[in-house]
Amino acid sequence: MDELLDILSECCPDIDFEVENTLIDDGILSSIDLVTIVGELNDAYDISISVDDLTSENFNSAESILDLVLRLRDE
Amino acid sequence: MLNSVWELLKRACERYADKTAISDAQTSLTYSELLDAACRVASAVHNALDGARGQAVPVLIGRNALSTAAFFGVAASGNFYVPMDPSLPDKRLSDMLAVTGARLCVNAGQAVPASFAGLTVLDADLLPPADMTAVDGMASAILDVDPLYCIFTSGSTGTPKGVLVSHRSVLQMTRQFSEAFGFDDTTVFGNQAPFDFDVSVKDIYNTLYHGGSMHILDKKLFLTPKKLIETLDERRVNTLIWAASAMKILTSLKTFESVLPHHLRQVMFSGEALPAKVLTDWQNHLPGVRFVNLYGPTEITCNCTYYIIDRSFSPEEHIPIGRPFSNTGILLLRAGKPVKPGEIGEICVRGTCLALGYLNAPELTERAFCQNPLVATHPERIYRTGDLGRMEADGNLRFIGRADTQIKHMGHRIELPEIELSCGALPWVDACCCLYDGVRERIVLFYQSKTRDDKALIDCMKAALPSYMLPNRYIWLEKIPETRTGKLDRVLLREQYIL
């Protein structure tokens, strides 16, 4: 989790990913943030996040993002 | 000949009273409902201002149809609207309010920010019915050269600039778009741009001019692109006038590999240079769609040139910005003289598309909107864009870059010195420098202070700047390098940290 938090904070230094859990629902992430995060996660974990994965369930919090990363890495 | 956008709305209402004009995620307004809502706003504004005209009336905007009703209402009262996003930091809203000198605002269903405490607030959704004849009377006194709206852009002095645009310029824009792109009453616009960004002006007024419809896309849809495309289909959106950055997002997220919109006929983009590879992605997935590159700053009422894409482009090619609309003249000048064919010059614009100037900033207006140096016999204003361009052999204009420190980021125009001024104003920051990483599309802020405290700096910047202006990277340095003449060494910083 710490590694993921580091990546997320590097992408969006003005967001507290340890606290926020409505990143998509409340529009805390901007669309350009999302593009940056998806690109960094794909590179860091050698995964391929598709447009089908871009849902509020998967991206509302650091925890849900971690679940997605682990799921995609196992596939 | 129409004199005001109120007449535009009335004309559309005569023909299309029961047709949906503007819709958002929750509500929709037919043309007659839009007229009725605007009439209420006009009457309330007129009464609250004791019949005063020519006043700035801020509108607290949301992604809703009610905001557009507020715009038409303020316009009909003989005043001009200033779209303001309540989510901006209070300091920025206060700066903008100070420029307008406003004492009244119209609220389109938003929580009223603290900075509006001294203003009378009219809630657009709670106003009583009003007498249409009286409002028609108010509107009949509008001259076509009267201001219609004021949209704020970033200013290099640290204070946002309010660009004041007339009814005439907007009505002309709709006619130019009609001639060039053939919209009609079957056109359904998918509005992406916020209402405090002038790309949205094209959606609103072209909808009204043609009796089409406009659906306001929720900002959050761009975080879930599949839902966004589904919404475009559900609403039968066939025309997009989007910021290029929005197109880039859909391509970056590989949206079209999973889902495609089915009704699109025309996609127009502006705001910044669209990389050819993004255009290619859209062209490949949407072969039946016409694409148009639009160019122009807010000061010339949306766009002054256009290029209808007529071929594919290789990734290293630049997409031309094309030729001027028929009410517009383009001059390429260097030191007040036209450049030779093929040379680079500053893009200067003449014609009825020019804004009236910057609100309550006569010196700034005089500098940017100046006498055409090629005309000595009579007054003729040109607008100096600060953009550099070159006329290609085929007669199409090409955008080369900026002559100053302005950048385009996420479709927004940003003066980097404005970010530096916000950072430099903090007492514990000794020096700072802001650069743009065009490859990664990141704003990078270097700061020099005794100790490193990114979090404190981020908090201060969030309190001063809109989110799109916040740096994406903060780099603390014990000492920012200087050139031999004592200036911040921007070249070295770029070489060491960005390239």
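1. Focus on the overall build of chain A
Then, number 1: Secondary structure assignment for chain A yields 4 helices and 0 strands.
Then, number 2: Listing each helix as α and each strand as β along chain A from the N terminus yields α-α-α-α.
Then, number 3: For 75 residues, the compact-globule estimate of 2.2 N^0.38 gives 11 Å, and chain A sits close to it at 11 Å.
Then, number 4: In terms of principal-axis extent, the alpha carbons of chain A reach across some 30 × 25 × 20 Å.
Then, number 5: By residue count, 51% of the 75 residues in chain A fall in the buried class.
Then, number 6: In chain A, of all internal contacts separated by at least 6 residues, the share reaching a separation of at least 24 is 53%.
Then, number 7: Surface summary for chain A: the accessible area is close to 3,700 Å², and the carbon and sulfur share equals 38%.

2. Some points on the pairing of strand 23 (residues 406-409) of chain B
Residues and elements named next belong to chain B.
Then, number 1: In this sheet, strand 24 (residues 412-415) lies alongside strand 23 in antiparallel orientation, the contact comprising 4 bridges. Among the inter-strand pairings, Ile407 is bridged to a residue of strand 24, identified as Ile414.
Then, number 2: With antiparallel pairing between neighbouring strands as the criterion, strand 23 and strand 24 make up a hairpin whose turn holds 2 residues, including Met410 at a positive phi of roughly 50 degrees.

3. Considering the pattern of salt bridges
As a working rule, side chains carrying opposite charge can pair if their charged atoms are close by.
All names here are of chain B.
Then, number 1: Tallied over the full model, the rule gives 20 salt bridges over all chains.
Then, number 2: Residues Arg402 and Asp387 are paired through a salt bridge, measuring 2.6 Å at the closest nitrogen-oxygen approach. Here Arg402 is found in strand 22 (residues 397-402), whereas its partner Asp387 is found in strand 21 (residues 381-391), with 15 residues between them in sequence.
Then, number 3: Taking the shortest distance from any N to any O, the salt bridge between Lys479 and Glu482 comes out at 3.4 Å.

4. Brief notes about unusual backbone geometry
Most of the time, phi is negative for any residue but glycine, and the peptide bond is trans.
Residues and elements named next belong to chain B.
Then, number 1: Located in the positive-phi region is Arg236, a residue other than glycine, with phi close to 55 degrees.
Then, number 2: With respect to the helices and strands, Arg236 occurs in the loop between helix 8 (225-234) and strand 11 (239-243).
Then, number 3: One non-glycine residue with positive phi stands out, namely Lys254, at about 55 degrees.
Then, number 4: Summarising the element assignment, Lys254 is placed in the loop between helix 9 (244-252) and strand 12 (266-270).
Then, number 5: Judged by its relative accessible area of 47%, Lys254 falls in the partly exposed class.

5. Some details on the packing of helix 1 (residues 2-11) of chain A against helix 4 (residues 62-74) of chain A
Residues and elements named next belong to chain A.
Then, number 1: Where helix 1 meets helix 4, the closest approach of the two axes is 10 Å, and the angle between their N-to-C directions is 115 degrees. Here helix 1 is positioned roughly perpendicular relative to helix 4, judged by the angle of their axes. With respect to the hand of their crossing, helix 1 and helix 4 are arranged in right-handed fashion. Where helix 1 abuts helix 4, its residues Leu4, Leu5 and Leu8 lie against Ala62, Ile65 and Leu66.
Then, number 2: Each residue belonging to the contact of helix 1 with helix 4 can be placed in one class, and the counts come to 6 nonpolar, no polar and no charged.

6. Side note on helix 3 (residues 65-76) of chain B
Residue and element names in this part refer to chain B.
Then, number 1: Look at helix 3: 17 Å from first C-alpha to last across 12 residues, which is about the 16 Å you get at 1.5 Å a residue.
Then, number 2: Counting buried positions over the 12 residues of helix 3 gives 12, a clear majority of the element.
Then, number 3: Of the positions making up helix 3, those classed as buried are Ala65, Leu66, Ser67, Thr68, Ala69, Ala70, Phe71, Phe72, Gly73, Val74, Ala75 and Ala76.
Then, number 4: Phi turns positive, to about 90 degrees, at Gly78, one or two residues after helix 3.

7. Some words on the environment of Leu294 of chain B
Residue and element names in this part refer to chain B.
Then, number 1: Summarising the element assignment, Leu294 is placed in strand 13 (residues 290-295).
Then, number 2: Look at Leu294 and you get buried, because its relative accessible area is 2%.
Then, number 3: Sequence separation between Leu294 and Ser270 is 24 residues, and the spatial gap between their C-alpha atoms is 5.0 Å.
Then, number 4: Setting aside residues no more than four positions away along its own chain, Leu294 makes contact with Phe177, Phe181, Lys202, Ile241, Met268, Phe269, Ser270, Asn303, Thr305, Tyr306 and Phe325.

8. Digging into the sheet that holds strand 27 (residues 473-477) of chain B
All names here are of chain B.
Then, number 1: Read across the open sheet, the 3 strands follow the order 25-26-27; overall the sheet is mixed. The open sheet has two edge strands with one neighbour each: strand 25 (429-437) and strand 27. Here the average twist between neighbouring strands, direction ignored, is 20 degrees.
Then, number 2: Both strand 25 and strand 26 (residues 442-449) contribute to a ladder of 8 bridges, which runs antiparallel. When the bridges of strand 26 are listed, Cys434 appears paired with Leu445.
Then, number 3: Against the sheet, helix 14 (residues 490-498) contacts strand 25, strand 26 and strand 27, and its axis sits at roughly 65 degrees relative to strand 25.

9. Focus on the confidence of the model for chain B
Then, number 1: Per-residue pLDDT for chain B averages 94, and the proportion of residues at 70 or more is 100%.
Then, number 2: Taken together, the chains of this predicted complex give a pTM of 0.90 and an interface ipTM of 0.92.

10. Considering a negative patch on the surface
All names here are of chain A.
Then, number 1: Taken together, the side chains of Asp2, Glu3, Asp6, Glu10, Asp16, Glu18, Glu40, Asp43 and Asp46 define an acidic patch exposed on the protein surface.
Then, number 2: Ranked by the residues each element gives to the negative patch, the list is headed by helix 1, at 4 residues.
Then, number 3: For Glu3, the location among the structural elements is in helix 1.

11. With respect to the packing of helix 9 of chain B against helix 10 (residues 276-285) of chain B
All names here are of chain B.
Then, number 1: Taken N-terminus to C-terminus, the directions of helix 9 and helix 10 make an angle of 70 degrees; their axes are 10 Å apart at the nearest point. Regarding the angle of helix 9 to helix 10, the classification is roughly perpendicular. Between helix 9 and helix 10 lies a crossing of left-handed hand. For the pair helix 9 and helix 10, the contacting residues are Met247, Lys248, Leu250 and Thr251 in the first and Val278, Asp281 and Trp282 in the second.
Then, number 2: Residue composition of the contact of helix 9 with helix 10, grouped by class: 4 nonpolar, 1 polar and 2 charged.

12. Examining the packing of aromatic side chains
Residues and elements named next belong to chain B.
Then, number 1: Applying the stated rule across the entire model yields 21 aromatic pairs over all chains.
Then, number 2: Between Trp242 and Trp282, the ring centres sit 6.2 Å apart and the planes meet at 80 degrees, which makes this aromatic pair edge-to-face. Linking Trp242 in strand 11 with Trp282 in helix 10, this pair joins segments that are 40 residues apart in sequence. The pair formed by Trp242 and Trp282 is uniform in burial state, with each residue classed as buried.
Then, number 3: Above the face of the Phe195 ring, Arg63 is positioned so that its terminal group lies 5.7 Å from the ring centre.
Then, number 4: Directly above the ring of Phe313 sits Arg311, whose terminal nitrogen or CZ lies 4.0 Å from the centroid.

13. As for the state of the cysteines
Residues and elements named next belong to chain B.
Then, number 1: Going through the model one piece at a time under the given rule, you end up with 0 disulfides over all chains.
Then, number 2: As a non-bridged cysteine, Cys105 has Cys150 as the owner of its nearest cysteine sulfur, 15 Å distant.
Then, number 3: Cys348 supplies the cysteine sulfur nearest to Cys370, a cysteine that is in no disulfide, at a spacing of 6.7 Å.

Definitions and limits used
- Residues numbered from 1 in each chain as written.
- Chains lettered and ligands numbered in written order.
- Predicted model: local features only at pLDDT ≥ 70, side-chain atom pairs only at ≥ 80, totals over all residues.
- Heavy atoms only, no water.
- Helix = DSSP H or I, 4+ residues; strand = E, 2+ residues; numbered from the N terminus.
- Rg over C-alpha atoms; globule rule 2.2 N^0.38 Å.
- Buried < 20%, exposed > 50% of the residue type's maximum accessible area, 1.4 Å probe, protein only.
- Contact = heavy atoms within 4.5 Å.
- Areas by Shrake-Rupley, 256 points an atom, 1.4 Å probe, with all protein chains shown as cover.
- Pairing = 2+ DSSP bridges.
- Salt bridge = Lys/Arg side-chain N within 4 Å of Asp/Glu carboxyl O.
- Axes fitted to C-alpha atoms, helices over the stretch in contact; angles between N-to-C directions.
- Parallel < 35°, antiparallel > 145°, perpendicular 65-115°, else oblique.
- Left-handed = near helix turned anticlockwise from the far one by under 90°.
- Nonpolar A, V, L, I, M, F, W, Y, C, P; charged D, E, K, R; others polar.
- Expected span 1.5 Å × (residues − 1).
- pLDDT = per-residue confidence, 0-100.
- Patch = residues over 30% accessible without salt bridge, like charges linked within 9 Å, V, L, I, M, F, W, Y side chains within 5 Å.
- Lys, Arg positive; Asp, Glu negative; His and termini not counted.
- Charge placed at Lys NZ, Arg CZ, Asp CG, Glu CD.
- Phe/Tyr/Trp six-rings, centres within 6.5 Å; stacked < 30°, edge-to-face > 60°.
- Lys NZ or Arg CZ within 6 Å of the ring centre and 35° of its normal.
- Disulfide = S-S within 2.5 Å.

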